Amino acid sequence: MSRKNNNIPVNSMADDLSRGISIEKLSIKSSDFKTPRQYEEATRSHRDEGHTFYIIEKGAILIEIDFQQHRVTAPALVYMHPNQVHRILKFYNITVCSLSIHTENVNPPYLQLLEDINPVKPLVLMKDTYTTISDCFSFCLHLSTQKNNRLYHLLLKDGCNAFIGLAISALLHQSEPSTRSSRAEVITQSFKQLLEKNYNSIKRPQAYAEKLNISTHYLNESVKQVTGLPVSQHIQERIILEAKRLLFHTDKSIKEIAFDLGYEDYPYFSRLFSKATGITAAAFRNKRHE
């Protein structure tokens, strides 16, 4: 009898001298996986324990991030937030540099920026940007081998944060933000941060407005001005995304998922999901077997 999976798998970092930093460079071919089990393990859906950055140096990869497929061709940069669920669908003889780091090791200003830009699409790198980021990664990889250095963790942490800064700069350039954030943009970012922390417990726009010490009307107008969508739709979309993650990647019952997302009224949650997606929760779950 198969074991029930109640949680989305998380790729953990080894608990060694790195203390929450994992860095490696790999070359992977399809032929490296000798059995279907090995290939299935390599391509399973999962979250990462930390903030993860991938530099695709050679080849191409087809990756699914929260149900959106992206074909990424080298040279490219992919950032994965710890909340995001992803899996490799196909890869074509790739060389990939991977850096994963716990939240506690990320410089606070960089962490704030990562929260602000999440989610962000994979980025094709221009030659100069690729060279700079790749060189910095190589330096971090070298630092990761210096485990006898008394300042090992501090040096590695600082080196990795330099890499993160360069990666964020490239990702921000992709989104082309204004040089100075408007009041509406600041409010929208604050709302999104609150939503990420409270989506399973706070469902009303008014409650978010109260936390931000502004009127519900002003919050809604600000968010709609920046994103084109009202606050209520952002709340609903975040809840539905988490519902999809749990339906597709765990074996929890629909009733359990509804409760996890803050709905004691299970039929109401089912109606909400169907209205938002055009498909029942049970039918969406069955799609993973197709």
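For the structure, check the block above.
The rules behind these values
- Residue positions are given per chain, counting from 1 as you read along its sequence in written order.
- Side-chain atom pairs in this predicted model are given and counted only at pLDDT of 80 or more, local residue features only at pLDDT of at least 70, and totals for whole chains, interfaces and linings cover all residues.
- With hydrogens and water excluded, all non-hydrogen atoms of the structure serve as input to the side-chain values.
- Working definition: helices are DSSP H or I runs of at least four residues, strands are E runs of at least two. Numbering for both runs from the N terminus.
- Note on contacts: a residue pair qualifies if any of its non-hydrogen atoms lie within 4.5 Å across the two residues.
- Whether two strands pair depends on DSSP finding at least two bridges between them.
- In this analysis, the expected span of each helix is defined as 1.5 Å times one less than the number of residues it contains.
- Relative accessibility decides the category of a residue: with a 1.4 Å probe and only protein chains considered, values under 20% of the type maximum give buried, values over 50% give exposed, and everything between is partly exposed.
- Side-chain rings of Phe, Tyr and Trp, where Trp is taken by its six-membered ring, are said to pair if the distance between their centres is within 6.5 Å; with planes under 30 degrees apart they count as stacked, over 60 as edge-to-face, and otherwise as tilted.
- By the criterion adopted, a ring carries a charge over it if an Arg CZ or a Lys NZ lies within 6 Å of its centre and within 35 degrees of its normal.
- Nitrogen and oxygen atoms within 3.5 Å of one another constitute a polar contact, given that in protein one can donate a hydrogen and the other can accept it, and given that sequence-neighbouring residues count only through two side-chain atoms.
- Counted as salt bridges are all cases of a side-chain nitrogen of Lys or Arg within 4 Å of a carboxyl oxygen of Asp or Glu.
- Patch definition: residues above 30% relative accessible area lacking any salt bridge, with like charges linked at up to 9 Å and the nonpolar side chains Val, Leu, Ile, Met, Phe, Trp and Tyr linked at up to 5 Å.
- With residues, only the protein chains shown are counted as cover, and all accessible areas are computed by Shrake-Rupley using a 1.4 Å probe.
- Here an axis means a line fitted to C-alpha atoms, over the contact stretch when the element is a helix, while the angle between two N-to-C directions is reported on a 0 to 180 degree scale.
- Put simply, angles under 35 degrees are roughly parallel, angles over 145 are roughly antiparallel, angles from 65 to 115 are roughly perpendicular, and the rest are oblique.
- Asp, Glu, Lys and Arg are counted as charged, while Ala, Val, Leu, Ile, Met, Phe, Trp, Tyr, Cys and Pro are counted as nonpolar; the rest, among them Gly, fall into the polar class.
- Take the far helix as the reference: if the near one is turned anticlockwise from it by less than a right angle, the crossing is left-handed, and if turned clockwise, right-handed.

## Describing the side chain of Ser134
Here is step 1: Among the structural elements, Ser134 can be located in helix H3 (residues 127–143).
Here is step 2: Here Ser134 is in contact with Ile55 and Glu57, once residues within four sequence places are set aside.

## Some details on the pairing of strand S5 (residues 68–73)
Here is step 1: Sheet topology note: the strand S4 (residues 51–65)/S5 ladder contains six bridges and is antiparallel. Its bridge partner lying in S5, Leu62 is registered against Arg71.

## Some words on H3
Here is step 1: End to end, H3 covers 24 Å across 17 residues, agreeing with the expected 24 Å (1.5 Å per residue, within 8%).
Here is step 2: Within H3 the residues assigned to the buried category are Ile133, Ser134, Cys136, Phe137, Cys140 and Leu143.

## Some details on the packing of aromatic side chains
Here is step 1: For the coordinates displayed, the defined rule picks out 11 aromatic pairs.
Here is step 2: Note on Phe53 and Phe163: the rings are 5.8 Å apart at their centroids and 90 degrees apart in plane angle, and the pair reads as edge-to-face. Placement of the pair is Phe53 in strand S4 and Phe163 in helix H4 (residues 152–175), with a sequence separation of 110 residues.
Here is step 3: When the ring of Phe67 is compared with that of Phe284, the centres are 5.6 Å apart and the planes differ by 75 degrees; the resulting orientation is edge-to-face. One end of the pair, Phe67, is in the loop between S4 and S5; the other, Phe284, is in helix H11 (residues 281–286), and 217 residues separate them in sequence.
Here is step 4: Judged by its relative accessible area of 23%, Phe67 falls in the partly exposed class.
Here is step 5: Put simply, the rings of Phe67, Phe248, Tyr263, Tyr268, Phe269, Phe273 and Phe284 touch in pairs and so form one group of aromatic residues.
Here is step 6: When the ring centre of Tyr92 is taken as reference, the NZ or CZ atom of Arg71 above it lies at 5.1 Å.
Here is step 7: Positioned above the aromatic ring of Tyr199 is the side chain of Arg238, whose terminal nitrogen or guanidinium carbon lies 4.1 Å from the ring centre.

## Focus: the environment of Asp66
Here is step 1: For Asp66, the location among the structural elements is in the loop between S4 and S5.
Here is step 2: Residue Asp66 is classed as buried on the basis of its relative accessible area, which comes to 12%.
Here is step 3: In this structure the C-alpha to C-alpha distance between Asp66 and Ser45, which are 21 residues apart in sequence, comes to 9.6 Å.
Here is step 4: Among all residues touching Asp66, those that are not within four sequence positions of it are Gln84, Val85, Leu241 and Arg245.
Here is step 5: In terms of polar contacts, Asp66 uses its side chain to reach the side chain of Arg245, at 2.6 Å.

## With respect to unusual backbone geometry
Here is step 1: For the bond running from Ala74 to Pro75, omega is -5 degrees, close enough to zero to count as cis.
Here is step 2: Here Pro75 lies in the loop between S5 and strand S6 (76–80).
Here is step 3: The peptide bond linking Asn118 to Pro119 adopts the cis configuration, its omega dihedral lying at -5 degrees.
Here is step 4: We note that Asp66 has phi near 50 degrees; this positive angle belongs to a residue other than glycine.
Here is step 5: Here the phi dihedral of Asn213 falls at roughly 60 degrees; this positive angle occurs in a residue that is not glycine.
Here is step 6: If you trace the backbone, Asn213 turns up in the loop between helix H6 (205–211) and helix H7 (216–227).
Here is step 7: A residue is classified by how much of its surface remains accessible, and Asn213, at 70% relative accessible area, is exposed.

## Focus: the pattern of salt bridges
Here is step 1: For the structure shown, the criterion picks out eight salt bridges.
Here is step 2: Across the salt bridge formed by Arg87 and Glu64, the nearest N and O atoms sit 2.9 Å from each other. Linking Arg87 in strand S7 (residues 86–101) with Glu64 in strand S4, this pair joins segments that are 23 residues apart in sequence.
Here is step 3: The class of Glu64 is buried, set by a relative accessible area of 10%.

## Points about a nonpolar patch on the surface
Here is step 1: A cluster of nonpolar side chains, Leu151, Leu154 and Leu155, forms an exposed patch at the surface whose accessible area comes to about 270 Å².
Here is step 2: Looking at the secondary structure, you find Leu151 in the loop between H3 and H4.
Here is step 3: Take Leu151: its relative accessible area is 48%, and that puts it in the partly exposed class.

## Some remarks on the packing of helix H5 (residues 183–198) against H7
Here is step 1: Between H5 and H7, the shortest axis-to-axis distance is 8 Å and the interhelical angle comes to 100 degrees. Classed by the angle they form, the pair H5 and H7 counts as roughly perpendicular. On H7, the residues touching Arg183, Ala184, Glu185, Ile187, Thr188, Phe191 and Lys192 of H5 are Tyr218, Leu219, Ser222, Val223, Gln225, Val226 and Thr227.
Here is step 2: Here the contact of H5 with H7 is built from residues that sort into seven nonpolar, four polar and three charged.

## Some thoughts on the packing of H5 against helix H8 (residues 231–249)
Helix packing geometry: the angle between the two helix axes and the distance between the axes.
Here is step 1: Closest axis-to-axis distance for the H5/H8 pair is 10 Å, and the angle between their directions is 35 degrees. The hand of the H5/H8 crossing is right-handed. Packed against H5, whose contacting residues are Phe191, Lys192, Leu195 and Glu196, the element H8 presents Val231, His234, Ile235 and Arg238 at the interface.
Here is step 2: Residue composition of the contact of H5 with H8, by class: four nonpolar, one polar and three charged.

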